[in-house]
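Chain residues, written in single-letter form:
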Amino acid sequence: MARRPNQPYYDLTTVRRLALEKKVRRRQRSDGKTDIDKLGIREYEFLSILASLSLVDFRHTDEEHGKRPADVYVKPFIRQGRRMPINIYIKLAV
């Protein structure tokens, strides 16, 4: 798949559509470093975060040998009742 440098591997329109259709699956890291449940992020908030991703949030694409490419995003998120955003690290594959 040809893409310009510094562009996501996966089309953001497709990512947003899948999030809006609730056709996503979350996987936690095996080392337990991140857990959106511990951060207090509900499923609808998680889907909203995915649906709102933009190129501004894109960081890079991990292309490890033998694995499917994964786009990495960092998205600021303000939890309900809080003023300061937390950065949500998202690594996704379609």
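In what follows, the structure referred to is the one given above.
Residues numbered from 1 in each chain as written. Predicted model: local features only at pLDDT ≥ 70, side-chain atom pairs only at ≥ 80, totals over all residues. Heavy atoms only, no water.

S.K.: With reference to specific residues and values, describe unusual backbone geometry.
M.R.: Of note in the backbone geometry, lysine 22 takes a positive phi value of approximately 60 degrees without being a glycine. Take lysine 22: it is sitting in the loop between α1 (12-20) and α2 (43-51). (Helix = DSSP H or I, 4+ residues; strand = E, 2+ residues; numbered from the N terminus.)

S.K.: An account of the sheet that holds strand β2 (residues 70-77) is needed here, citing residue identities and associated values.
M.R.: Taken together, the three strands give an open sheet; going across it, the order is β1-β2-β3, and neighbouring strands pair in antiparallel fashion. The open sheet terminates on both sides in strands that have one partner only, identified here as β1 (58-62) and β3 (86-92). Adjacent strand axes in the sheet meet at a mean angle of 20 degrees when their direction is disregarded. Packed onto the sheet, α2 meets β2 and β3 and runs at close to 75 degrees relative to β3. (Pairing = 2+ DSSP bridges. Axes fitted to C-alpha atoms, helices over the stretch in contact; angles between N-to-C directions. Contact = heavy atoms within 4.5 Å.)

S.K.: I'd love a proper account of the nonpolar core, names of residues and values included.
M.R.: Residues Ile41, Leu50, Leu53, Tyr73, Ile90 and Leu92 are the most contacted members of the largest nonpolar core, which totals 18 residues. Mapped onto this core, the elements with two or more residues apiece are α1, α2, β2 and β3. Not counting the four nearest positions on each side in its chain, leucine 53 is found in contact with Leu12, Val15, Arg16, Tyr73, Lys75, Ile90 and Leu92. (Core = buried A, V, L, I, M, F, W, Y, C linked by side-chain atoms within 4.5 Å. Buried < 20%, exposed > 50% of the residue type's maximum accessible area, 1.4 Å probe, protein only.)

S.K.: Help me get a handle on the packing of aromatic side chains, residues and values and all.
M.R.: Per the stated rule, a full pass over the model turns up two aromatic pairs. Ring geometry for phenylalanine 58 and tyrosine 73: centres 5.5 Å apart, planes at 70 degrees, overall edge-to-face. In this pair, phenylalanine 58 is assigned in strand β1 and tyrosine 73 in strand β2, connecting sequence segments 15 residues apart. Relative accessible area serves as the criterion here: at 9%, phenylalanine 58 is assigned to the buried category. Owing to a relative accessible area of 0%, tyrosine 73 belongs among the buried residues under this scheme. (Phe/Tyr/Trp six-rings, centres within 6.5 Å; stacked < 30°, edge-to-face > 60°.)

S.K.: Explain the side chain of aspartate 71 residue by residue, including any values.
M.R.: Its location among the elements puts aspartate 71 in strand β2. Since its relative accessible area comes to 0%, aspartate 71 is described here as buried. A polar contact of 2.8 Å, which involves the side chain of aspartate 71, links it to the backbone nitrogen of tyrosine 10. At a separation of 2.7 Å, a polar atom in the side chain of aspartate 71 contacts the side chain of threonine 61. Ignoring any residue separated from it by four or fewer positions in sequence, one finds aspartate 71 in contact with Pro8, Tyr9, Tyr10, Phe58, His60, Thr61, Ile90, Lys91 and Leu92. (Polar contact = N/O pair within 3.5 Å; in protein donor to acceptor, adjacent residues only side chain to side chain.)

S.K.: Just give me the short version of the pattern of salt bridges, but keep the residues and values in it.
M.R.: Summed over the entire model, instances satisfying the criterion amount to six salt bridges. Several salt bridges share partner residues, and in doing so they unite Asp62, Glu64, Lys67 and Lys91 into one network. (Salt bridge = Lys/Arg side-chain N within 4 Å of Asp/Glu carboxyl O.)

S.K.: Pulling in residues and values, what's your account of the environment of arginine 79?
M.R.: Within the secondary structure, arginine 79 is located in the loop between β2 and β3. Expressed as a C-alpha distance, the spacing of arginine 79 and glycine 40, which sit 39 residues apart in the sequence, is 7.7 Å. With sequence-adjacent residues up to four places away left out, arginine 79 is seen in contact with Leu39 and Ile86.

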